[in-house]
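Chain by chain, the residues run as shown.
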Amino acid sequence: MIRILFKHSIRALKRQKVHVFINVVGLAIGIACSLIIAIFVMHELSYDRDQEHRDRIHRIVLHGKIGGQEIRASWLAPPVGPTMPLEFPEVEDYTRINTWGETVVRWEDHAVAEDHFVEADSSFFNIFSYRMLQGDPATALTEPYSVVLTETAARRVFGDEDPMNKMIRVGTSPNHHRVTGIMEDLPETTHFRINMIGSFSTNPNSRNPNWLSNNLQTYVLLHPGADHARINERFQDLIIKYVGPEALRLMGISFEEFLAQGNQYNFYLQPLTEIHLDPTVENAFKPANDPKYLWIFGGVGLLILVVAGINFMNLSTAQATKRAREVGIKKLSGALRGGLIGQFLAETIILSFLALVLAVLITEIALPSVNNLLGISMSLNYFSNWYTIPAMLLFAVLIGLLAGSYPAFYLSSFNPNAVLKGKVAGSRSSISLRSALTVLQFAISIVLIIGTLVMQRQIRYMLNKDLGFDKENVLVVRRAGALGEQGNSFREEVKSLAGVLNVSFATALPGHNNNNSGYLVHGRPEETFTMNTSFADYEFLDTWGIKLSSGRYFDPSLLTDREACLINDRAISILGFEDPLQERFMSMGDDEMTLMPIIGTVSDFHFESLRQDIGPYMIQFRNDGIQWGYIAIRLSPAAPQSVVQDIERVWASFTASDPMLYFFVDQDLERMYQEERRNSRLSGVFTILAVLVASLGLYGLTAFTVAQRTKEIGVRKTFGASIFDIWKQVSKEILLLVGIATLIAWPLVYWVAGNWLQNFSYRISLSATDFIAGFLIAALIALATISYRTIRAASVNPSLSLRYE
């Protein structure tokens, strides 16, 4: 029975070539988009799920609120890790990770730059199940000055040589590290960025007892069956026990008093598999992605499928008059309605399977370009799970049933006597339904068009907004510490180069913050405030073009300025200073308080992403003992192209030919908005595809509509209507549908885009231009789609049109 059903269905489809082509291509594009989005969502959800103990591994997160400033970061003090198994029997093990940032690794006379060198406790491989290719994971990081390299890092340093037990130098350390292991490259789907792991026992900071020195990542492995929520409930007791005494020593108030002032300071455990999709936590490794984009793109994929399904329903019902006689003859020949419904559904399922095959082909062809667009590596693995292929087949059947159900019931409902007399029942309701579905298609397309325009305009705003400093023509050299005590000599030699205007050393730069410290205000010991802090030299303001709003900057002739500071206008507002130049801060050192007078204030500048409000900022003087950080070099707009090579040459002469790691500030700041740029590109691609699918359906619908109105067109031409008059008549009907779709889309996109913009503290306002542009783009696409078929039909000799059946 099923075989006969499908045989009749295939024979019927052969007679509907245009219908089959448009439906298969439309459905294929819709399914391909859904497949790509599904692969993307699964890729994002798969982060860190390859770990053997993934359900037992947790990262400890600091969540606090100090002086009105909320903190949610993965930075913890060194004693937290070793204390966890002692205080919580649920904890089996811990490991701490200390990130280095950029460094240089040397083997003999070969030096390579390394961005992802970290230090970790010897328990790292007990917690994380990364496979060791050479060496013993249980002992590889036990001894000081041990180091484990990934396979790729080992090849970069040693080439084809066996790296085991070879000695390398890391950074400016005079001591050598011994290679004790080679591990597999970390997969892309991990929140870590690690190429080399040194033993943390090498670093004196591993034995630092200070509970307020938050500079490490700490992970714990729980015993099987342990509930991390119970540990979260008891963290406050741990903090009162260990952090409380240090807070009392440094601030002069008890921890209870600190909390009573409206402050917060607590820890919580974050499951390993949730790290990648939690952008609320400041992360030391890969920036987290916002999970709302998974919902957004999942919704976009569903909308494109809906548009493709609407195409099928529209085209199928539009063909009612062509298939009415077939239905009537079959019913008079004894065919039951159920059999006709089965045949029409079988036709749809066959089309859906054809579309699935084409969709898989489109996906395979498109994935490399999508990977390049997103900067990730995705693939469609058919055999990675047993359910992949069955799920795809079931998906095709469901699409066929959902898209074909209404046409099947509609076509099978025709009265055989009526249709054989040329009267198709329900044609008016059919036309109304097709119009409603066309409106829905264009409403979806307009939402996507306007949404994409808003995203692109917000990104342009962020890239072009006045940031309060001059980001153009600034080259930043990393690893200022490589110069040691030769920083001033390097500065003078670089400043003598043609095209160099100024040189400045600082520990933090806009977009590269690394010090969020707590301070007391003299005379207000009951209050604590946190501020991003940079230690900068005398040339900092001039090099960056930051404006002084009151007071003065550091004066080389005044030695007392070395203990002074400047703050931004935002800090004045938060702290409530009436005369900031009369105020002094107290800095919490290890043994005593240091008084810092405020000698000047600077205008607010964006040292973080535009997603965040400008926060309080402090600039302290960079004394000779501070050698680490960055070197900002202000170049003339007319600087010769060779200036970078000239600076590299000077750098090499001061650092024994170390590679110079550098970036340009304007390009680096774009990195902050990588997720938005990626999502904007993806949204643009899917919007184009959604409009293409809708246009295919409109083209096919126009072809059938014009064919049905052939006699009407002939009559109009006979009475003097021009081709333009006929085109205008058809266009007016389409524009009416687009107009109705626009009225539906505008409120929806206003709500969606408005909510998305709330993620940015500094954002554009929704403009009427975006909404009008969405309508105009949709209208132009619709007119372009229908024009060819309409003009072609209007160009036919009316004598032929009047004889058309």
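Preceding block: the structure.
Nothing here was measured: the structure is a model prediction, and the numbers come from that model.

Asks: Where do I start with the pattern of salt bridges in this structure?
Replies: Opposite charge on two side chains lets them pair, provided their charged atoms get close. Scanning the entire structure with this criterion turns up 17 salt bridges. One salt bridge in this structure joins E151 and R155, with 3.7 Å as the shortest N-O distance. Taken together, the residues E151 and R155, both in helix 5 (residues 151-158) and 4 residues apart, mark about one turn of the helix. Each of R491, D537 and E539 takes part in a single network of salt bridges with overlapping partners.

Asks: Help me understand the nonpolar core in this model?
Replies: Within soluble globular proteins, side chains that are nonpolar generally end up buried alongside one another. One finds V476, F540, W544, I619 and F686 to be the most contacted residues of the largest nonpolar core, which totals 109 residues. When residues of this core are assigned to their parent elements, the largest contribution, 15 residues, is made by helix 2 (residues 17-45). Once you skip the residues sitting within four places of it in the chain, F540 turns out to touch S504, A506, A508, I546, Y553 and I619. Formed by 30 residues, the second largest nonpolar core is a distinct cluster that contains A77, W211, I231 and L269.

Asks: Even after reading the chapter, I still don't get the packing of aromatic side chains, so can you show me in this structure?
Replies: Where two aromatic rings form a pair, the distance of their centres and the angle of their planes describe that pair. This structure, assessed with the given rule, holds 34 aromatic pairs. A centroid spacing of 5.4 Å and a plane angle of 80 degrees characterise the contact between F128 and Y219, whose relative ring orientation is edge-to-face. In this pair, F128 sits in the loop between helix 4 (124-127) and strand 5 (132-134) while Y219 sits in strand 10 (residues 217-222), placing the two residues 91 residues apart along the sequence. Seen in terms of ring centroids, F607 and Y617 are 4.6 Å apart; in terms of plane orientation they differ by 45 degrees. Their pairing is tilted. Within this pair, whereas F607 is found in the loop between strand 19 (593-602) and strand 20 (617-621), its partner Y617 is found in strand 20, the two being separated by 10 residues in sequence. Of the residues examined, F607 reaches a relative accessible area of 2% and is grouped as buried.

Asks: Explain the pairing of strand 12 (residues 474-477) to me, please; I cannot follow it from the model alone.
Replies: Within a regular strand, side chains alternate between the sheet's two faces. Side chains of strand 12 alternate between two faces, with V474 and V476 and L475 and V477 buried alike. Pairing geometry for strand 12 and strand 21 (residues 630-635), over 4 bridges, is antiparallel. Considered in strand 21, the bridge of V476 is made with A632.

Basis of the calculations
- Residues numbered from 1 in each chain as written.
- Predicted model: local features only at pLDDT ≥ 70, side-chain atom pairs only at ≥ 80, totals over all residues.
- Heavy atoms only, no water.
- Salt bridge = Lys/Arg side-chain N within 4 Å of Asp/Glu carboxyl O.
- Helix = DSSP H or I, 4+ residues; strand = E, 2+ residues; numbered from the N terminus.
- Core = buried A, V, L, I, M, F, W, Y, C linked by side-chain atoms within 4.5 Å.
- Buried < 20%, exposed > 50% of the residue type's maximum accessible area, 1.4 Å probe, protein only.
- Contact = heavy atoms within 4.5 Å.
- Phe/Tyr/Trp six-rings, centres within 6.5 Å; stacked < 30°, edge-to-face > 60°.
- Pairing = 2+ DSSP bridges.

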